[in-house]
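# Topology and contacts: notes
Chain residues, written in single-letter form:
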Amino acid sequence: MVTTPPDAARKEHVSVVFIGHVDAGKSTIAGHIMYLTGMVDDRTLEKYKEKAKEKNRESWYLSWALDINEEERDKGKTVEVGRAYFETEKKHYNILDAPGHKSYVPNMIGEASQADVAVLVISARKGEFETGFEKGGQTQEHAILAKTVGVKHIIVLINKMDDPTVDWCHERYEECKEKLLPFLKRKVGFNPKKDIHFMPCSGLTGANLKEPTKQCTWYTGLPLIPYLDTLANFNASNDGPVRLPILDKYNDRGTIVLGKLESGSICKGQQLIMMPNSKHVVEVLDLYHMPQDEETVHATPGENLRLRLKGIEEGEILPGFILCNAENLCHAGCTFDARIEILEHKSIICPGYNAVLYIHTCVEDVQITNLICLVDKKSSEKSKTRPRFVKQDQECIVRLRTARVICLETFRDFPQMGRFTLRDEGKTIARGIVLKLVPERD
Ligand code: GDP
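What comes next concerns the included structure. Just so we're clear, the structure is a prediction, and the values are computed from it rather than from any experiment.

### Regarding helix 7 (residues 170-188)
Across its 19 residues, helix 7 extends 25 Å between first and last C-alpha, which sits within 8% of the 27 Å expected from 1.5 Å per residue. For helix 7, the set of buried residues is Arg-172, Tyr-173, Cys-176, Leu-180, Phe-183, Leu-184 and Val-188. Those residues of helix 7 hidden inside the fold are in contact with strand 4 (117-123), helix 5 (128-134), helix 6 (138-148), strand 5 (153-159), strand 6 (196-200) and strand 21 (427-437). Gly-189, located one to two residues past helix 7, shows a positive phi value of around 100°.

### With respect to unusual backbone geometry
Both trends apply: most residues other than glycine have a negative phi, and most peptide bonds are in trans. A cis amide bond links Met-275 with the next residue in sequence, Pro-276, at an omega value of 25°. Residue position: Pro-276 is located in the loop between strand 10 (271-275) and strand 11 (281-289). Non-glycine residue Asp-393 carries a positive phi angle of around 75°. Checked against the element boundaries, Asp-393 lands in the loop between strand 18 (362-375) and strand 19 (395-407). Residues other than glycine seldom take positive phi values, yet Glu-425 does so here, at roughly 50°. Secondary-structure assignment places Glu-425 in the loop between strand 20 (419-424) and strand 21.

### Topic: the layout of surface pockets
As a volume, the second largest pocket reaches approximately 570 Å³. Lining the second largest pocket are 19 residues, and of these Val-188, Glu-341, Glu-395, Arg-431 and Ile-433 sit closest to its centre. Listed by contribution, the elements that provide at least two residues to the lining of the second largest pocket are helix 6, helix 7, strand 16 (332-342) and strand 21.

### With respect to the site of the ligand
Close contacts around the ligand come from 18 residues, with Asp-23, Lys-26, Ser-27, Thr-28 and Asp-162 the closest. Interatomic distance of 2.9 Å between a backbone N/O atom of Gly-25 and an oxygen atom of the ligand. Within the contact set of the ligand, a nitrogen atom lies 2.7 Å away from a side-chain nitrogen or oxygen of Asp-162. When the ligand is considered free in solution it has 580 Å² of accessible area, and contact with the protein chains removes 91% of it.

### Considerations on the nonpolar core
Core analysis: the largest hydrophobic core is formed by 64 residues, its most contacted members being Phe-18, Val-156, Ile-158, Leu-180 and Leu-184. The contact partners of Ile-158, leaving out residues within four places of it in the chain, are Ile-122, Ala-124, Tyr-173, Cys-176, Leu-180, Phe-198, Met-199, Pro-200 and Cys-201. Judged by nonpolar contacts, the second largest core, of 24 residues, contains Ile-349, Ile-359, Val-366 and Leu-371.

The rules we used
- Residues numbered from 1 in each chain as written.
- Predicted model: local features only at pLDDT ≥ 70, side-chain atom pairs only at ≥ 80, totals over all residues.
- Heavy atoms only, no water.
- Helix = DSSP H or I, 4+ residues; strand = E, 2+ residues; numbered from the N terminus.
- Expected span 1.5 Å × (residues − 1).
- Buried < 20%, exposed > 50% of the residue type's maximum accessible area, 1.4 Å probe, protein only.
- Contact = heavy atoms within 4.5 Å.
- 1 Å grid on protein atoms, 1.4 Å probe; cavity = no way out; pocket = protein on both sides within 12 Å on 5 of 7 lines; lining within 4 Å.
- Points joined across faces, edges and corners; volume = space filled by probe spheres on them.
- Near = heavy atom within 4 Å.
- Polar contact = N/O pair within 3.5 Å; in protein donor to acceptor, adjacent residues only side chain to side chain.
- Areas by Shrake-Rupley, 256 points an atom, 1.4 Å probe, with all protein chains shown as cover.
- Core = buried A, V, L, I, M, F, W, Y, C linked by side-chain atoms within 4.5 Å.

Given below as structure tokens:
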């Protein structure tokens with residue numbers, strides 16, 4: 001059993017999502033971090049090693065550490081918020097382990113929308129870097145999604161440096177870095193000086209996760225865990241409006257909801273509104289910090305929570321609904337104007353185009369009803385005439401209409417609820433920001 005220090009709730013809560021191509025080593029790294037920070041003890045790890053050996057999957061045992069909390073989970077209910085966590089003296093970290101497989105990408109959007117920091121795991125092993133990054137791997141799509149859903153800082157972990165094809169070779173590290181950097185800067189939009197940090201590591205041996213390694217004298221920066229501890233506080237202030245986007249819900253002797261508190265503070269007994277329906281008044285009966293499932297009476301921004309609510313049935317809630325305080329409700333509607341960038345789409349896009357909108361934790365059918373103007377990517381200049389269509393790599397301002405009423409804000413007012421992606425046929429085709437909410441029958 002993992003025990004949480006009594007002051008855990010006082011520490012800053014940071015959510016870290018591991019992204020990257022399948023088999024890059026995300027779970028191994030996350031598992032090893034839990035071991036190194038004392039969240040998994042030697043005996044448990046031995047057990048996993050044996051279990052893995054039986055299944056001829058010896059090298060996978062570290063990633064099983066991530067399943068520890070899964071075993072303890074509430075009656076087998078899939079709790080997507082914070083599967084695992086670790087603590088340092090300074091901070092509390094929730095690990096969001098996003099599966100790398102293509103069909104999981106929509107799932108990753110929900111998880112990444114909870115994250116403050118993304119750790120992009122890259123395999124340096126010969127051939128694997130190439131598959132993950134260049135040949136239609138998930139590396140690129142994940143990085144774009146992470147940025148789109150509001151991750152503020154990205155750490156690029158060049159992993160598998162221990163592999164015989166790499167052997168801590170500085171040139172291989174630089175080769176990966178040089179290929180990734182222009183992409184992260186130009187295509188994704190991270191600022192290399194402020195938002196991106198590269199480091200080498202081995203998830204398997206644990207080198208450069210907590211302690212520096214002698215095998216790698218050319219890297220002079222901090223290892224991963226100490227580096228995470230140095231990052232400035234990401235979270236909004238306590239006195240903002242209450243905004244808790246619902247990630248999941250279920251019924252267990254009452255209505256339970258899960259999500260990350262993006263802004264404001266919540267206490268036990270407080271009355272809140274479940275938007276988009278302003279008549280849905282609910283009361284917070286119980287409040288738990290996740291994933292340790294520790295009861296609390298007060299929660300602050302950045303914390304992953306489980307709440308038991310009175311006044312609403314589970315069936316009345318959808319993921320993407322938002323808990324707000326009555327004095328300051330979020331906006332709700334169907335129609336909005338947005339600036340979008342077409343990332344990947346083979347044919348042209350015309351008014352009437354249907355896609356799936358992913359905005360904070362909400363997923364909804366959407367139609368592009370009007371194309372308003374094209375926007376020049378460099379000068380931001382708008383076209384004088386309405387375009388008849390848009391195509392890949394163009395930016396434009398469009399009017400969108402969702403099938404049902406959703407909660408959203410303009411990007412300027414509340415970035416976490418004002419940025420989105422559009423997906424179609426299993427691909428992320430565009431990303432965008434909400435510019436204006438359009439009242440119905442405008
Ligand atoms: P994920 O799909 O990104 O979560 O990748 P996994 O953590 O499941 O790892 C995929 C495979 O790569 C497993 O066989 C791991 O043992 C192996 N692997 C992960 N990290 C390292 C590493 O640092 N060095 C080596 N040599 N192998 C690794």
